[in-house]
2 protein chains.
Amino acid sequence: MPRGATLRDVADRVGVSPRTVSRVVNDEGGFSEVTRVRVLEAVEDLGYQPNMLARGLITHRSGTVGLVGVDMTDPFFPAMAEGIQNAARETGRTIFFASNDGDSQRQAEVFRSLWSHAVDGVIVFPAPGTIDQLAGYARRGMPLVVVDDIVEFPNLASVSFDLEDGAVQAAQHLLATGRRRIGMIGSEITVPRTRRRERGFYQAFESPPVGAELPELVRVQPTVSGGAAGLQKLLERRPDLDGIFAYNDLMAVGAMRAAQASGYRVPDDIAIVGCNDIEMSALLNPGLTTIRLDRPRLSAEAIRVLHELIEEPTSNPTPLVLPVELVIREST
Amino acid sequence: MPRGATLRDVADRVGVSPRTVSRVVNDEGGFSEVTRVRVLEAVEDLGYQPNMLARGLITHRSGTVGLVGVDMTDPFFPAMAEGIQNAARETGRTIFFASNDGDSQRQAEVFRSLWSHAVDGVIVFPAPGTIDQLAGYARRGMPLVVVDDIVEFPNLASVSFDLEDGAVQAAQHLLATGRRRIGMIGSEITVPRTRRRERGFYQAFESPPVGAELPELVRVQPTVSGGAAGLQKLLERRPDLDGIFAYNDLMAVGAMRAAQASGYRVPDDIAIVGCNDIEMSALLNPGLTTIRLDRPRLSAEAIRVLHELIEEPTSNPTPLVLPVELVIREST
DNA sequence: AAGGATGGCGTCAACGTTGACGTAAGTCAA
DNA sequence: TTGACTTACGTCAACGTTGACGCCATCCTT
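Residues numbered from 1 in each chain as written. Chains lettered and ligands numbered in written order. Predicted model: local features only at pLDDT ≥ 70, side-chain atom pairs only at ≥ 80, totals over all residues. Heavy atoms only, no water.

Colleague: What is the right way to look at a nonpolar patch on the surface in this model?
Modeller: Together, Leu57(A), Ile58(A), Leu57(B) and Ile58(B) give the surface a local cluster of nonpolar side chains, amounting to about 390 Å² of exposed area. Elements supplying a minimum of two residues to the nonpolar patch: helix H4 (52-59) of chain A together with helix H4 (52-59) of chain B. According to the relative accessible area criterion, Leu57(B) is partly exposed, its value standing at 32%. (Patch = residues over 30% accessible without salt bridge, like charges linked within 9 Å, V, L, I, M, F, W, Y side chains within 5 Å. Areas by Shrake-Rupley, 256 points an atom, 1.4 Å probe, with all protein chains shown as cover. Salt bridge = Lys/Arg side-chain N within 4 Å of Asp/Glu carboxyl O. Helix = DSSP H or I, 4+ residues; strand = E, 2+ residues; numbered from the N terminus. Buried < 20%, exposed > 50% of the residue type's maximum accessible area, 1.4 Å probe, protein only.)

Written as structure tokens, this is what we have:
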């Protein structure tokens with residue numbers, strides 16, 4: 001790209017030094033009203049835009065934030081990214097985006113690249129099993145916010161949803177609406193998230209209503225086809241299941257389709273509860289009962305915590321866990 | 001962020017000049033094998049990462065590409081962004097992401113910011129009515145690829161889908177499956193895209209099969225609720241419609257739900273064809289017949305064209321229009 | 001043996017900006 | 001009137017890197 005006007009160009013036109021133009025542009029004070037007006041006119045005329053590379057080189061602030069996701073095509077992600085991007089823009093920062101593909105190696109590459117570009121901080125949806133890696137970056141001084149997972153490491157902030165409670169709510173709802181033979185389709189991916197959801201699910205059965213039987217659990221891939229496979233497996237074990245809680249909405253969709261394909265009516269024969277409340281869930285037929293996560297809130301909190309960390313690198317924020325909410329639609 | 005090791009740190013440890021380290025790191029040649037090995041060892045030991053700000057300042061290549069979308073939550077977008085991001089990574093570039101919110105003002109802000117950050121080029125899903133604005137950036141030397149819209153401006157590349165043909169295919173499919181009273185739910189957003197789809201739609205009626213009546217058209221917001229509203233309007237005009245083509249899948253979903261809510265069976269009473277083949281469309285009940293756009297291909301082509309433009313700024317690529325394909329599911 | 005080419009470095013300046021510091025003119029209090 | 005302070009600038013160096021160029025061995029050619 002051709003280079004645009006520089007401080008020197010503006011300075012020459014006005015007849016002051018570049019330093020003075022810099023002061024005006026950054027509103028540092030130390031200039032007269034007359035100078036200010038003339039400089040800003042020249043800035044306008046020449047279409048001057050500060051060069052963030054040069055500025056960042058000296059201030060060690062690049063005005064950028066990294067956003068590392070597992071995979072952009074996860075339907076949970078876009079709303080998060082949009083919120084984060086908007087929040088970042090309000091503080092004058094631009095977003096570097098990169099996927100880690102759920103792979104620690106790739107995530108390391110991504111972080112090397114972001115470090116090279118001198119990002120001011122990073123918000124990351126961690127690849128499974130990479131908390132230590134991330135803690136390493138944080139220790140080296142990179143402001144880092146882990147999203148969607150609870151981590152307890154010094155210098156490593158985290159913002160997440162209370163999915164344990166979400167699982168409790170889902171199971172209780174199934175029990176409260178009269179379901180007695182309930183299965184959970186969990187995720188085989190071994191992250192703390194998974195365990196927490198399962199723990200919450202079982203917790204709801206600690207003092208079960210009369211007639212409730214011990215729940216079933218299968219672990220499958222967290223995808224639509226995984227959900228379908230999970231439902232098949234559960235029905236093989238217990239063809240009389242009447243309630244399902246799925247690890248996420250995609251799996252719930254898969255389970256719903258598989259159930260319908262096997263001749264079960266939803267919700268008459270079998271009720272299904274998902275988790276995440278992705279956009280699609282309200283549009284299904286029947287609409288999916290699910291656990292709503294307030295993603296705009298999570299975005300806002302993540303950026304807020306990150307900015308705290310950038311401004312105050314020594315601060316040690318406590319993990320933030322946001323409440324979740326059951327949304328009842330037609331699938332239960 | 002704290003700064004990492006620099007060329008000087010590496011140089012001091014090895015006992016050579018920073019210039020030599022730079023040569024090794026960039027594999028420019030002009031160093032001995034012994035030096036190469038010792039430098040790379042030191043690079044490894046110190047965890048040296050080149051500072052892209054400093055490098056970009058002097059080379060005028062920042063190793064970044066801007067990706068400007070209308071809105072990340074458009075279900076059409078994530079797969080594109082993921083593909084673009086992966087393709088960019090292979091060439092060692094990182095993606096700056098920003099939304100224009102479909103607003104020209106905001107888009108201008110976004111471009112100012114990207115210019116400030118010295119991006120090597122930009123891929124943009126243009127906000128409606130901003131082609132002139134974009135042509136301006138291209139004229140000033142910014143390598144720019146417009147995606148999802150055909151533009152014929154010098155210096156401004158474009159990559160898009162043949163949605164005119166998509167509309168032809170959709171309409172012909174409806175006619176071929178015996179539908180005779182067909183409506184189109186168009187978008188009220190006045191971009192060339194919209195017109196092209198409508199033109200293709202009407203084109204299919206230029207030599208209609210016997211019994212086919214003149215098609216109906218409404219224009220509504222390109223959203224789920226817009227689609228529902230559009231279907232209502234169409235049915236008010238002609239309650240005996242038996243086929244619908246919607247501008248996009250979200251509208252098709254809205255139309256499908258509205259039709260079902262009004263007691264119409266899909267596809268028995270009324271057939272529905274969407275456009276885009278977003279992930280959700282295969283998961284609906286019934287599955288949505290729609291026009292599939294090869295988004296991975298579009299991503300790849302967009303990055304390819306952009307790189308050509310970056311390497312060869314004077315080249316003037318012709319607009320690229322990719323073929324589309326009808327996917328028949330249960331809604332027709 | 002002289003001349004030229006080549007390999008393997010080093011030196012210096014520059015990219016565009018800001019931090020640190022200097023300075024001249026003006027203001028104010030004692 | 002003097003000294004201290006303030007305002008409104010300017011000067012210089014530095015951030016980390018690379019482009020341009022220079023230099024000294026070494027090697028080859030004739």
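Colleague: I tried to follow the environment of Pro267(B) on my own but got confused; where do I start?
Modeller: All names here are of chain B. For Pro267, the location among the structural elements is in the loop between helix H11 (249-261) and strand S9 (271-273). Look at Pro267 and you get buried, because its relative accessible area is 18%. Along the chain, Pro267 and Asp120 lie 147 residues apart, while their C-alpha atoms are 49 Å from each other.

Colleague: Looking at this model, I keep getting lost on the protein's contact with DNA strand D. Mind explaining?
Modeller: Neighbouring DNA strand D are 24 residues; Ser17(A), Thr20(A), Leu7(B), Ser22(B) and Tyr48(B) lie closest to it. Note that a phosphate oxygen of DNA strand D is positioned 2.6 Å from one of the side-chain N or O atoms of Ser17(A). Contact distances for DNA strand D include 2.4 Å between a phosphate oxygen and a side-chain N or O atom of Ser22(B). Mapped by element, the contributors of at least two residues to the surface near DNA strand D are helix H2 (18-25) and H4 of chain A together with helix H2 (18-25) and H4 of chain B. Tallying contributions element by element places H4(B) first for the surface near DNA strand D, with four residues. Partitioning the surface near DNA strand D into residue classes produces nine nonpolar, 10 polar and five charged. (Near = heavy atom within 4 Å. Polar contact = N/O pair within 3.5 Å; in protein donor to acceptor, adjacent residues only side chain to side chain. Nonpolar A, V, L, I, M, F, W, Y, C, P; charged D, E, K, R; others polar.)

Colleague: Sorry if this is basic, but what is going on with the protein's contact with DNA strand C here?
Modeller: Around DNA strand C, the structure places 24 residues, and the nearest of them are Leu7(A), Ser22(A), Tyr48(A), Ser17(B) and Thr20(B). Between DNA strand C and Ala54(A) there is a distance of 3.5 Å, counted from a base nitrogen to a backbone nitrogen or oxygen. A distance of 2.9 Å is found between a phosphate oxygen of DNA strand C and a side-chain nitrogen or oxygen belonging to Arg55(A). For the surface near DNA strand C, the secondary-structure elements that each account for two or more residues are H2 and H4 of chain A together with H2 and H4 of chain B.

Colleague: Explanation requested: the nonpolar core in the structure shown.
Modeller: Nonpolar side chains tend to gather and get buried jointly when the protein is soluble and globular. Counting 94 residues, the largest nonpolar core has Val145(A) and Val145(B) as its most contacted members. Excluding residues that lie within four positions of it along the chain, Val145(A) makes contacts with Val122(A), Ile123(A), Val124(A), Ala157(A), Val159(A), Ala302(A), Val305(A), Leu306(A) and Leu309(A). (Core = buried A, V, L, I, M, F, W, Y, C linked by side-chain atoms within 4.5 Å. Contact = heavy atoms within 4.5 Å.)

Colleague: Please clarify how helix H5 (residues 77-90) of chain A should be interpreted in this entry.
Modeller: Residue and element names in this part refer to chain A. Compared with the 20 Å implied by 1.5 Å per residue over 14 residues, the 20 Å span of H5 between its first and last C-alpha is a close match. In terms of burial, H5 is largely enclosed, as 11 of its 14 residues are buried. The complete set of buried residues in H5 reads Phe77, Pro78, Ala79, Met80, Ala81, Glu82, Ile84, Gln85, Ala87, Ala88 and Arg89. At the C-terminal side of H5, Gly92 shows a positive phi close to 75 degrees. (Expected span 1.5 Å × (residues − 1).)

Colleague: Looking at this structure, how should I read unusual backbone geometry?
Modeller: Residue Pro286(A) is reached from Asn285(A) by a cis peptide bond, and omega for that bond is 0 degrees. The backbone of Asp101(A) shows a phi angle near 55 degrees, a positive value even though the residue is not glycine. Position of Asp101(A) relative to the elements: it lies in the loop between strand S2 (94-99) and helix H6 (104-116). Look at Asp101(A) and you get partly exposed, because its relative accessible area is 34%. Although it is not a glycine, Asn276(B) sits at a positive phi angle of roughly 120 degrees.

Colleague: Got a minute to help me understand the packing of helix H8 (residues 163-176) of chain A against helix H9 (residues 192-203) of chain A in this structure?
Modeller: In a pair of packed helices, the angle between the axes and the distance between the axes together describe the arrangement. All names here are of chain A. Two elements in contact, H8 and H9, have axes whose closest approach is 7 Å; the angle formed by their N-to-C orientations is 35 degrees. The two elements H8 and H9 meet at a crossing, and its hand is right-handed. Note on element contacts: H9 touches H8 through Arg196, Arg197, Arg199, Gly200, Phe201 and Gln203, opposite Leu163, Glu164, Ala167, Val168 and Ala171. (Axes fitted to C-alpha atoms, helices over the stretch in contact; angles between N-to-C directions. Left-handed = near helix turned anticlockwise from the far one by under 90°.)

Colleague: Please explain the packing of aromatic side chains as it appears in this structure.
Modeller: Both the distance between ring centres and the angle between the ring planes are used here to describe each pair of aromatic rings. All names here are of chain A. One pass over the structure, following the stated rule, counts 13 aromatic pairs over all chains. Note on Phe77 and Phe125: the rings are 5.2 Å apart at their centroids and 75 degrees apart in plane angle, and the pair reads as edge-to-face. Of this pair, Phe77 sits in helix H5 while Phe125 sits in the loop between strand S3 (121-124) and helix H7 (131-139), placing them 48 residues apart in sequence. Like Phe125, Phe77 is buried. Ring centres of Phe201 and Tyr202 lie 5.8 Å apart, and the angle between their planes is 70 degrees; this geometry places the pair in the edge-to-face category. A cation over an aromatic ring shows up here: Arg197 above the ring of Tyr247, its NZ or CZ 3.9 Å from the ring centre. (Phe/Tyr/Trp six-rings, centres within 6.5 Å; stacked < 30°, edge-to-face > 60°. Lys NZ or Arg CZ within 6 Å of the ring centre and 35° of its normal.)

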